[in-house]
Amino acid sequence: QVQLVEFGGGLVQAGGSLRLSCTAPGRAFRRYTMAWFRKAPGKEREFVAYILGTGGSTYYADSVKGRFTISRDGAKNTVYLQMNSLKPEDTAVYCCAADPTSRDTTWSNTYVYWGQGTQVTVSS
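Rules behind the numbers
Think of each chain on its own: its residues are numbered from 1, step by step along the sequence as written. Totals for whole chains, interfaces and linings use all residues, but because this is a predicted model, local features are given only for residues with pLDDT of at least 70 and pairs of side-chain atoms are given and counted only at 80 or more. As a rule here, side-chain values cover all heavy atoms of the structure and leave hydrogens and water aside. Each helix corresponds to a stretch of at least 4 residues labelled H or I by DSSP, and each strand to a stretch of at least 2 residues labelled E; elements are numbered beginning at the N terminus. The reference for a compact globule is 2.2 Å times residues^0.38; the radius of gyration itself is calculated from the C-alpha atoms. Here the term buried applies to any residue with accessible area under 20% of the maximum for its type, exposed to any over 50%, and partly exposed to those in between, with areas from a 1.4 Å probe on protein chains only. Two residues form a contact once any of their heavy atoms are found within 4.5 Å. Accessible surface area values rest on a Shrake-Rupley calculation with a 1.4 Å probe, where residue burial reflects the displayed protein chains alone. Two residue types count as positive, namely Lys and Arg, and two as negative, namely Asp and Glu; His and chain ends fall outside the count. Every charge is mapped onto a representative atom, which is NZ of Lys, CZ of Arg, CG of Asp or CD of Glu. Identification of polar contacts relies on pairs of N or O atoms within 3.5 Å, with a donor-acceptor requirement for protein atoms, meaning one able to donate a hydrogen and the other able to accept it, and with residues adjacent in sequence counted only if both atoms are side-chain atoms. The rule for a disulfide is simple: a pair of cysteine sulfur atoms within 2.5 Å. A pair is scored as a salt bridge if a Lys or Arg side-chain nitrogen falls within 4 Å of a carboxyl oxygen belonging to Asp or Glu.

As for the overall build of the protein chain
Here is step 1 of the chain: Counting secondary structure elements, the protein chain contains zero helices and eleven strands.
Here is step 2 of the chain: Sequence-ordered secondary structure for the protein chain, helices as α and strands as β, is β-β-β-β-β-β-β-β-β-β-β.
Here is step 3 of the chain: Relative to the compact-globule value of 14 Å for 124 residues, the protein chain shows a C-alpha radius of gyration of 13 Å, a close match.
Here is step 4 of the chain: Dimensions along the principal axes, computed over C-alpha positions, put the protein chain at roughly 40 × 30 × 25 Å.
Here is step 5 of the chain: Counting across all 124 residues of the protein chain, residues that qualify as buried make up 44%.
Here is step 6 of the chain: A fraction of 57% describes how many contacts in the protein chain between residues 6 or more apart in sequence connect residues 24 or more apart.
Here is step 7 of the chain: Per element, the accessible surface of the protein chain, about 6,400 Å² overall, is 48% carbon and sulfur.
Here is step 8 of the chain: Across the protein chain, the centroid of the 14 positively charged side chains sits 6 Å from that of the 9 negatively charged ones.

Notes on the environment of Tyr 80
Here is step 1 of the chain: Looking at where Tyr 80 falls in the secondary structure, it is placed in strand S8 (residues 78-83).
Here is step 2 of the chain: For Tyr 80, a relative accessible area of 12% corresponds to the buried category.
Here is step 3 of the chain: For the pair Tyr 80 and Arg 19, spaced 61 residues apart in the sequence, the C-alpha separation amounts to 6.8 Å.
Here is step 4 of the chain: Discounting residues that sit within four places of it in the chain, Tyr 80 has contacts with Arg 19, Leu 20, Ser 21, Trp 36, Thr 69, Ile 70, Ser 71 and Asp 73.

Thoughts on the side chain of Thr 105
Here is step 1 of the chain: Topologically, Thr 105 is positioned in the loop between strand S9 (92-99) and strand S10 (113-114).
Here is step 2 of the chain: What makes Thr 105 buried here is its relative accessible area of 15%.
Here is step 3 of the chain: A polar contact is formed between the side chain of Thr 105 and the backbone nitrogen of Trp 107, at a distance of 3.0 Å.
Here is step 4 of the chain: Apart from the residues within four sequence positions on either side, Thr 105 is in contact with Phe 47, Tyr 50, Asp 99, Thr 110 and Tyr 111.

Considering the state of the cysteines
Here is step 1 of the chain: Counted under the stated rule, the structure contains one disulfide.
Here is step 2 of the chain: The side chain of Cys 22 participates in a disulfide bridge whose partner is Cys 96; the two sulfur atoms lie 1.9 Å from each other. Its S-S torsion of approximately 55 degrees makes the covalent link between Cys 22 and Cys 96 right-handed. On the criterion of sequence distance, the pair formed by Cys 22 in strand S3 (residues 18-23) and Cys 96 in strand S9 is long-range, its members being 74 residues apart. Cys 96 shares its class with Cys 22; the two are buried.

Brief notes about the pattern of salt bridges
Here is step 1 of the chain: Under the counting rule described, the total for this entry stands at five salt bridges.
Here is step 2 of the chain: Two residues, Arg 38 and Asp 90, come together in a salt bridge whose shortest N-O distance is 2.9 Å. Remark: Asp 90 occurs in the loop between S8 and S9 and Arg 38 occurs in strand S4 (residues 33-39); sequence separation between them is 52 residues.
Here is step 3 of the chain: For the salt bridge of Asp 99 with Arg 103, the shortest nitrogen-to-oxygen distance reads 4.0 Å.

Now the structure itself:
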C-alpha cells in the first residue's frame, strides 16, 4: 500500500504562516499530479491546490488563491504547501494526494494515493 506522509501542521495565530510537506515513495511520483485537500469538522472535504508533474502548472481554490503556494521538489519526492495570511476558517485536517494518471483535476475521486493528514489550527 503506497502511503504519502505529511508534515508541518500545528497551531498558529490568524495572519501567521505554516508550511506543509508531503513525501512520496518512489521516483514515479515525480510524474503524478499532486494535490492538497482539507477537511474541517462538519464540512465536506475541500480541494485546496494541485501541481502537475509535467510542467509544474498549479491551480488553487478561490478561497486560498493569493495566500497559499504549492510547489514540488522532484529530487526529494516532496510537495509543499506554503500557507500565508492564515485565517481561522483555514482550520482543518490537510491531506496530500496523488493522481497517477497525471490529470489536472480538483475532483478527489481522481486521486488514488492519500496521506493520513496533518492538523492545522488557526486561532483568532
